[in-house]
Amino acid sequence: MSDDNFYADDDQFKPEEFSAPPKKGMSGGVKVIIAILVLGGVGLLLCCGGVFYAFRNVKAKVTENKKEIIEIQNEMTTITIPDSFVPQFGMSVNVIGKHILMAAYEEKEKQGALVLMSFGIPNDGMVDMNKEFRNNLKQQNQNQRELEITKQEQKEFTINGEKVEFTFAEGKDKSGKEFHQIMGVFPGKTGATFLFIQIASDKYNEEEIVEMIKSIK
């Protein structure tokens, strides 16, 4: 596996319904994360509705336009993304009355990814959104860079008046390369919103990430 890209390319996991021609230079890691989260998001919604009805009524928009990606991001939340992450992909999907939004960024040297996503579902306690998100990543782990977590801690932030915990973890991939991983669920403009970051340790700036989370409104 080359270290030039965050993950190795594997287009077979990219769902056809939501696909768009990949932007030249986009690493396989961003595309795989997009596939994982789209499939997980639709799967979570389908538990509450019919499969055939849902897919017959899917309306999807995908974009690689920087301005449009930021507009999608702003629909979910107001957040200051560090300059070290470059907009790569945006998605807006309407399915069974829910609005799935995603904005994906890639570290400028292709050594990490940052994804924001909302399923348009309120975090009312009926579904453990953080658990659903973690389980989805775990189930799809064979399609992404798997880390052996060596250190993990919870950091608490206040976002929109709510106490929110984010998991800050460190780990190594199969080649021994070190990564940092941050993930959490917070109250966004359209409901529960996920933040997922995985970045090579030599590109990781914790102060920058903490300030980004603090900027969420």
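These lines cover the structure that appears in this document, whether it is placed above or below. Bear in mind that the values here come from a model prediction, so they are computed numbers and not experimental data.

Cut-offs used in this document
Each residue is numbered by its place in its chain's sequence as written, counting from 1. The predicted nature of this model means local features are confined to residues of pLDDT at least 70 and side-chain atom pairs, given and counted, to a pLDDT of 80 or more, with totals for whole chains, interfaces and linings taken over all residues. The side-chain numbers reported here are obtained from all heavy atoms of the structure, hydrogens and water having been left aside. Secondary structure counts use DSSP, requiring at least four H or I residues in a row for a helix and at least two E residues in a row for a strand, with both numbered from the N terminus. Any residue under 20% of the maximum accessible area for its type is buried, any over 50% is exposed, and the rest in between are partly exposed; the area is computed with a 1.4 Å probe on protein chains only. Should any heavy atoms of two residues lie within 4.5 Å, those residues are counted as being in contact. Accessible surface is estimated by sampling points in the Shrake-Rupley manner with a 1.4 Å probe; for residues, cover comes only from the protein chains shown. When DSSP finds two or more bridges between two strands, those strands count as paired.

1. As for the overall build of the chain
Item 1. Along the backbone of the chain there are 5 helices and 8 strands.
Item 2. For the chain, the α and β elements follow one another from N to C terminus as α-α-β-α-β-β-β-α-β-β-β-β-α.
Item 3. Going through the 217 residues of the chain one by one, you find that 52% of them count as buried.
Item 4. Within the chain, residue pairs in contact and separated by at least 24 positions form 59% of the contacts whose partners lie at least 6 positions apart.
Item 5. Surface exposure of the chain reaches about 10800 Å², of which carbon and sulfur atoms provide 46%.

2. Re the pairing of strand E4 (residues 112-118)
Item 1. In terms of burial, E4 is a largely internal element, 7 of the 7 residues being buried.
Item 2. A two-sided burial pattern is seen for E4, the buried positions comprising Gly112, Leu114, Leu116 and Ser118 on one face and Ala113, Val115 and Met117 on the other.
Item 3. With 6 bridges joining them, strand E3 (residues 98-107) and E4 adopt antiparallel strand pairing. From the neighbouring strand, Met102 faces E4, where its bridge partner is Met117.
Item 4. Adjacent in sequence and paired antiparallel, E3 and E4 are bridged by 4 residues, among which Lys110 carries a positive phi angle near 60°.

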